[in-house]
Amino acid sequence: MDNPFIKDGNLMPIASINSVFVDDDLAYDLFRPVLMEEYIIKHKDELYISPTSQTTVLQQFDEMLSSEIESVRELAHSIANEFGTRLARILSTLFNPSKRSIKNRKDWTQKHWDYWKTIKHLYLLGGVITPHLMRIYYECIEREFQAQKINDVNISLLQLSQNMGVTGLAKLVNDKEALLFDFGQTNVKRMFIVKRAKETLIQSILPALETKHLMHKGATKEEMNHLAHILDEYIHEVIVKTAEEVGFKGNTLKIAIANYVQNGMIYPYRGGYGKLHLVSPNYANYLQEKLSKRMGRNIELLLYHDTSAMGLHFAGQPNTAVISVGTAFGVAFPENL
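Here we summarise the structure given alongside this text. Model, not experiment: these values are computed from the prediction.

Rules behind the numbers
- Residues numbered from 1 in each chain as written.
- Predicted model: local features only at pLDDT ≥ 70, side-chain atom pairs only at ≥ 80, totals over all residues.
- Heavy atoms only, no water.
- Buried < 20%, exposed > 50% of the residue type's maximum accessible area, 1.4 Å probe, protein only.
- Helix = DSSP H or I, 4+ residues; strand = E, 2+ residues; numbered from the N terminus.
- Pairing = 2+ DSSP bridges.
- Arc of directions from axis to C-beta.
- Contact = heavy atoms within 4.5 Å.
- Phe/Tyr/Trp six-rings, centres within 6.5 Å; stacked < 30°, edge-to-face > 60°.
- Axes fitted to C-alpha atoms, helices over the stretch in contact; angles between N-to-C directions.
- Polar contact = N/O pair within 3.5 Å; in protein donor to acceptor, adjacent residues only side chain to side chain.
- Salt bridge = Lys/Arg side-chain N within 4 Å of Asp/Glu carboxyl O.

## Digging into the pairing of strand β15 (residues 329–332)
The alternating pattern of β15 places F329 and V331 on one face and G330 and A332 on the opposite face, and all of these are buried. Examined bridge by bridge, strand β14 (residues 320–325) and β15 share four bridges and lie antiparallel to one another. Bridging across to β15, S324 finds its partner in G330. Counting the residues in the hairpin turn of β14 and β15 gives three residues.

## Here's the deal with helix α7 (residues 110–117)
Considered for burial, the residues of α7 that qualify are H112, W113, Y115 and W116. For α7, the angular spread of the buried residues around the axis is 155°, confining them to a single face. Buried-residue contacts for α7 involve α5 (70–95), α6 (99–104), β5 (121–125), β14 and β15.

## Quick look at the packing of aromatic side chains
By the definition in use, this model includes 18 aromatic pairs. Summarising the aromatic geometry, the rings of F5 and Y115 are spaced 6.3 Å apart at their centres and angled 75° between planes, so their arrangement reads as edge-to-face. Placement of the pair is F5 in the segment before β1 (6–7) and Y115 in helix α7, with a sequence separation of 110 residues. Classification of Y115 by relative accessible area gives buried; the value is 4%. Here the aromatic rings of Y267 and Y269 are separated by 5.6 Å at their centres, their planes lie at 85°, and the arrangement is edge-to-face. According to the relative accessible area criterion, Y269 is exposed, its value standing at 69%.

## Observations regarding the sheet that holds strand β7 (residues 177–183)
Reading across from one edge, β9-β8-β7-β10-β13 is the order of the five strands in this open sheet, with mixed pairing throughout. The open sheet is flanked by β9 (199–210) and β13 (300–305), the only strands paired with a single partner. Neighbour to neighbour, the strand axes of the sheet diverge by 15° on average, direction disregarded. Across the sheet, helix α11 (residues 283–295) touches β10 (252–257) and β13, and the angle it forms with β13 is around 145°.

## Section: the side chain of S324
Positionally, S324 belongs in strand β14. Judged by its relative accessible area of 9%, S324 falls in the buried class. Side-chain polar atoms of S324 contact the side chain of T307, separated by 2.9 Å. Ignoring any residue separated from it by four or fewer positions in sequence, one finds S324 in contact with L125, T307, M310, F329 and G330.

## Overview of helix α2 (residues 33–42)
Listed as buried for α2 are P33, L35, M36 and I40. For α2, the buried positions fall inside an angular range of 160° around the axis, keeping them on one side. The secondary structure elements touched by the buried residues of α2 are α1 (27–30), α3 (44–47), α4 (57–64), α5 and α8 (131–147).

## Comments concerning unusual backbone geometry
The phi torsion at D23 lies on the positive side, around 60°, for a residue other than glycine. Examined against the element boundaries, D23 turns out to sit in the loop between β3 (21–22) and β4 (25–26). Phi at N319 is positive, roughly 55°, even though this residue is not glycine. Along the chain, N319 falls in the loop between α12 (306–311) and β14. What makes N319 partly exposed here is its relative accessible area of 32%.

## Topic: the pattern of salt bridges
Using the criterion set out here, one finds 13 salt bridges in the structure. For the salt bridge of D107 with R105, the shortest nitrogen-to-oxygen distance reads 2.6 Å. Assessed through its relative accessible area of 38%, D107 is described here as partly exposed. Owing to a relative accessible area of 2%, R105 belongs among the buried residues under this scheme. The partner of E245 in a salt bridge is R190, and the shortest N-O contact between them spans 3.0 Å. With E245 in helix α10 (residues 221–246) and R190 in strand β8 (residues 187–196), this residue pair connects regions lying 55 residues apart in the sequence. Classification of R190 as buried rests on a relative accessible area of 4%. Each of D23, D24, R89 and R100 takes part in one network of salt bridges that share partners.

Below, the structure is given as structure tokens:
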């Protein structure tokens, strides 16, 4: 069956999991790390969690799931199961939607729902997959799928997957020196790699940098244009400084970005990176030309959808989907990569 979410080899915005409805509830409003963090912070005193700690709220919460204090452990498990159940309902809806879910997802036709029924292996990735939460989420998904009689889908939850965007892009490098980036909603992941005849000679994952200048809501047209150019300059500086940091002498850059990309063009209507279309209709070509001038050599630049970059780890696997759980949901279909 042809994939209705793919056009010319690129994932289309219609694939969005965030826009799926579980009956009348939008997936984006049911499950996101920030929603869970807000819920946890409401109970921070009972859970002995400090929002100002250097350890993230989710990491602290994960530790509380095995607390020696019974009341803390029980409250933590209650919260984890609540959000695990929400996640499980979103996933089960993809395979067995209710009539209301189908009616509310107005941009999907029957062929979109039918394609999800062909998926037999689902990989779930992202920073929200912490050690204890991973088991709880898996148990919630397993219960939900059994209740919905979804018996032919294998689920894999992968922890420590925050660098899978850049390590996925590394699979596209065969015989050269390359800088790889994953510009996410929270952090910029970076990697330097040198390969010869497909063999890795040097591989270095550099410390992640803070994502900046993603504001996009409530701004006027003039303000949005100004913000777009500030973000563009930040992306430019991150790349140039990273090249200087590792003594980069090559000309290959591969960049994953938290947005849909169609032949170098960024989808305008999704998140903070969408405003880059105001800098140039084809941002990949523009950035390639700008960096070539700055770095004094011809740069070859590929701009890639972020979850599709993660999906490169499973490229060619039939009847497979990858869902990333970060600031929001991302999706990719490795069979088409």
